[in-house]
Amino acid sequence: MSLSGVIEEVGPGVRDFRRGMKVVALNSAPCGSCFYCMKHQENLCEDLLFNNGAYAEYIKIPRRIVDRTCWPCPMT
């Protein structure tokens, strides 16, 4: 599942995103360091992070999801 929206605020240390950008993010992100992630089987991640709330007016996206599974939308 994914969600999309416009960034209202960015947290400290966030470099690739800024207020007003349109983005799409997945609702989960693998850890990148467990046995399965190291074998490129991220779908089996032992510490898969989930973020629920895609239907909310505002949602805080955890840093791991921002870093691993969040992308800017092309401008139209």
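Residues numbered from 1 in each chain as written. Predicted model: local features only at pLDDT ≥ 70, side-chain atom pairs only at ≥ 80, totals over all residues. Heavy atoms only, no water.

**With respect to the side chain of Asn51**
And then number 1: Counting through the fold element by element, Asn51 comes out in the loop between strand 4 (49-50) and helix 2 (63-69).
And then number 2: Exposure remark for Asn51: the relative accessible area of 13% places this residue in the buried category.
And then number 3: Engagement of the side chain of Asn51 in a polar contact is seen with the backbone oxygen of Lys60, the distance being 3.2 Å.
And then number 4: If near-sequence neighbours (up to four positions away) are discounted, Asn51 is found in contact with Asn27, Ile59, Lys60, Ile61, Pro62 and Ile65. (Helix = DSSP H or I, 4+ residues; strand = E, 2+ residues; numbered from the N terminus. Buried < 20%, exposed > 50% of the residue type's maximum accessible area, 1.4 Å probe, protein only. Polar contact = N/O pair within 3.5 Å; in protein donor to acceptor, adjacent residues only side chain to side chain. Contact = heavy atoms within 4.5 Å.)

**A closer look at the pattern of salt bridges**
And then number 1: The tally for this structure, following the rule as stated, stands at three salt bridges.
And then number 2: Salt-bridge contacts for Arg19 lead to Glu8; the nearest nitrogen and oxygen are separated by 3.0 Å. Taken as a pair, Arg19 in the loop between strand 1 (2-6) and strand 2 (22-26) and Glu8 in the loop between strand 1 and strand 2 lie far apart in primary sequence, 11 residues in all.
And then number 3: Arg19 sits in the exposed class, given a relative accessible area of 59%.
And then number 4: Classification of Glu8 by relative accessible area gives partly exposed; the value is 38%.
And then number 5: For Asp67, the salt bridge goes to Arg63, with nearest N and O atoms at 3.1 Å. Placement of the pair is Asp67 and Arg63 together in helix 2, with a separation of four residues, close to one helical turn.
And then number 6: A residue is classified by how much of its surface remains accessible, and Arg63, at 43% relative accessible area, is partly exposed. (Salt bridge = Lys/Arg side-chain N within 4 Å of Asp/Glu carboxyl O.)

By themselves, these figures tell us nothing about what the structure is for.
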